[in-house]
Amino acid sequence: MTTLELDAVVKRYAVGGEVVRAVDGVSLTVAPGEVVALYGPSGSGKTTLLELAAGTQSPDDGAVRFGGVDLATLSRAEATRHRRALGFVFQRFYLHPGTSALDNAAMKLLFSGSSPRAARSEAAVWLRRVGLERRAAHPPAKLSMGEQQRVVIARALAGDPALILADEPTASLDSERGRAILALLSGICRERSVGMLIATHDPDAAAFADRVCELRDGTLRERSSPGRTASERVSGSRPT
């Protein structure tokens, strides 16, 4: 079963009196535990495709399905529940200044209706998992860029999402920290059978993906077929 399916999806925008097809007939699937890298330059349509997958935009043609359900058929309340079933890793971190790493990691759970105690308890588990248990009381200003990104990952993984959507998650990091973040995020997604669609122009991201798809001028082509990831090539097996 696929977690996410985009079927001949088209998204158009009017720009300067012209119609631009930001996403042009894209078909793509993401299975549970599969990491798919969406590779392409800025302006290629990657962010638009993630927004379509999230249900924050609607396609002009084609269909976006999540767990086999067409997002176009969802009521407003159902669409809200759909977005709560996702984990987001943004290019900008969207961390609240003056708020601890723990409370930032718990934010999605609090917005979803969890009690503060339950939200912080689960967030603490994820902060520990990403190696930040000793930094839980620190606000973003006292965390490095890599540590802030780990808070974002903990926040995204809280609540057992079925799908992670990551938009340029290494853009603010140097190459070494970027590879560490990609290894951490892709490893946890595979371990927990969480699909991930990662939009990036970072060539290092391809090494951590099961499939790499290139998006240019709104059109998609697969650059590589499913294969062993960088971590598997090192360890000799898929993480369990």
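Residues numbered from 1 in each chain as written. Predicted model: local features only at pLDDT ≥ 70, side-chain atom pairs only at ≥ 80, totals over all residues. Heavy atoms only, no water.

### Overview of the overall build of the protein
Along its length, the protein carries 7 helices and 10 strands. For a compact globule of 240 residues, the expected C-alpha radius of gyration is about 18 Å, and the protein comes in at 18 Å, within 12% of that figure. Its C-alpha atoms give the protein principal-axis dimensions of about 50 × 45 × 40 Å. By the burial criterion, 45% of the 240 residues in the protein qualify as buried. Put simply, 69% of the contacts in the protein that link residues at least 6 apart link residues at least 24 apart. For the protein, the distance from the average position of its 31 positive side-chain charges to the average position of its 27 negative side-chain charges is 6 Å. (Helix = DSSP H or I, 4+ residues; strand = E, 2+ residues; numbered from the N terminus. Rg over C-alpha atoms; globule rule 2.2 N^0.38 Å. Buried < 20%, exposed > 50% of the residue type's maximum accessible area, 1.4 Å probe, protein only. Contact = heavy atoms within 4.5 Å. Lys, Arg positive; Asp, Glu negative; His and termini not counted. Charge placed at Lys NZ, Arg CZ, Asp CG, Glu CD.)

### Section: the nonpolar core
In this structure, Val89, Leu127, Val151, Ile153 and Ile164 are the most contacted members of the largest nonpolar core, which totals 40 residues. Apart from residues no more than four positions distant in its own chain, Val151 is found in contact with Leu95, Ala101, Asn104, Ala105, Leu127, Leu132 and Leu143. Listed in part, the 24 residues of the second largest apolar core include Leu4, Val9, Val26 and Leu197. (Core = buried A, V, L, I, M, F, W, Y, C linked by side-chain atoms within 4.5 Å.)

### Some points on the packing of helix H3 (residues 101–111) against helix H5 (residues 145–157)
Taken N-terminus to C-terminus, the directions of H3 and H5 make an angle of 35°; their axes are 7 Å apart at the nearest point. Crossing of H3 over H5 shows right-handed handedness. Of H5, the residues touching H3 (which contributes Ala101, Asn104, Ala105, Met107 and Lys108) are Val151, Ala154, Arg155 and Ala156. Grouping the amino acids of the contact of H3 with H5 by side-chain chemistry returns 6 nonpolar, 1 polar and 2 charged. (Axes fitted to C-alpha atoms, helices over the stretch in contact; angles between N-to-C directions. Left-handed = near helix turned anticlockwise from the far one by under 90°. Nonpolar A, V, L, I, M, F, W, Y, C, P; charged D, E, K, R; others polar.)

### Focus on the packing of aromatic side chains
Evaluation of the coordinates by the stated rule reveals 2 aromatic pairs. Judged by centre distance (5.7 Å) and plane angle (5°), the ring pair of Phe88 and Phe90 falls under stacked. Owing to a relative accessible area of 22%, Phe88 belongs among the partly exposed residues under this scheme. Phe90 gets classed as partly exposed once you look at its relative accessible area, which sits at 33%. Three or more aromatic residues link up through ring pairs in this structure, and these residues are Phe88, Phe90 and Tyr94. (Phe/Tyr/Trp six-rings, centres within 6.5 Å; stacked < 30°, edge-to-face > 60°.)

### Let's talk about empty space enclosed by the protein
Evaluation of the coordinates by the stated rule reveals 1 cavity of 30 Å³ or more. Around the largest cavity sit Val35, Leu182, Ser186, Met196, Ile198, Ala205, Phe208 and Ala209, which together line it. Those elements that provide at least two residues to the lining of the largest cavity are helix H6 (175–191) and strand E8 (195–200). Here the lining of the largest cavity is composed, by residue class, of 7 nonpolar, 1 polar and no charged. (1 Å grid on protein atoms, 1.4 Å probe; cavity = no way out; pocket = protein on both sides within 12 Å on 5 of 7 lines; lining within 4 Å. Points joined across faces, edges and corners; volume = space filled by probe spheres on them.)

### Looking at the pattern of salt bridges
When the charged atoms of two side chains lie near each other, side chains of opposite charge can form a pair. Evaluated as defined, the whole model comprises 16 salt bridges. As a salt-bridge pair, Asp210 and Arg190 come within 3.5 Å of each other at their nearest N and O atoms. Linking Asp210 in the loop between E8 and strand E9 (211–216) with Arg190 in helix H6, this pair joins segments that are 20 residues apart in sequence. Pair check on accessibility: Asp210 and Arg190 agree, each one buried. For Arg221, the salt bridge identified is with Glu214, shortest N-O distance 2.9 Å. Connected through shared salt-bridge partners, Glu5, Asp7 and Arg65 make up one network. (Salt bridge = Lys/Arg side-chain N within 4 Å of Asp/Glu carboxyl O.)

### Quick look at the environment of Lys46
Tracing the chain through its elements places Lys46 in helix H1 (residues 46–54). Sequence separation between Lys46 and Ala199 is 153 residues, and the spatial gap between their C-alpha atoms is 5.8 Å. Look past the residues within four positions of Lys46 in its chain and what remains in contact with it is Leu38, Tyr39, Gly40, Pro41, Glu168, Ala199, Thr200, His201 and Leu215.

### So, the confidence of the model for the protein
Mean pLDDT over the protein works out to 88, with 92% of the residues at or above the 70 mark. Confidence, read as mean pLDDT per element, is least for helix H7 (residues 230–235) in the protein (38) and greatest for strand E4 (residues 61–66) (96). Note on residues 225–240: pLDDT is under 50 here. Beyond four places in sequence and across chains, it has 26 contacts. (pLDDT = per-residue confidence, 0-100.)

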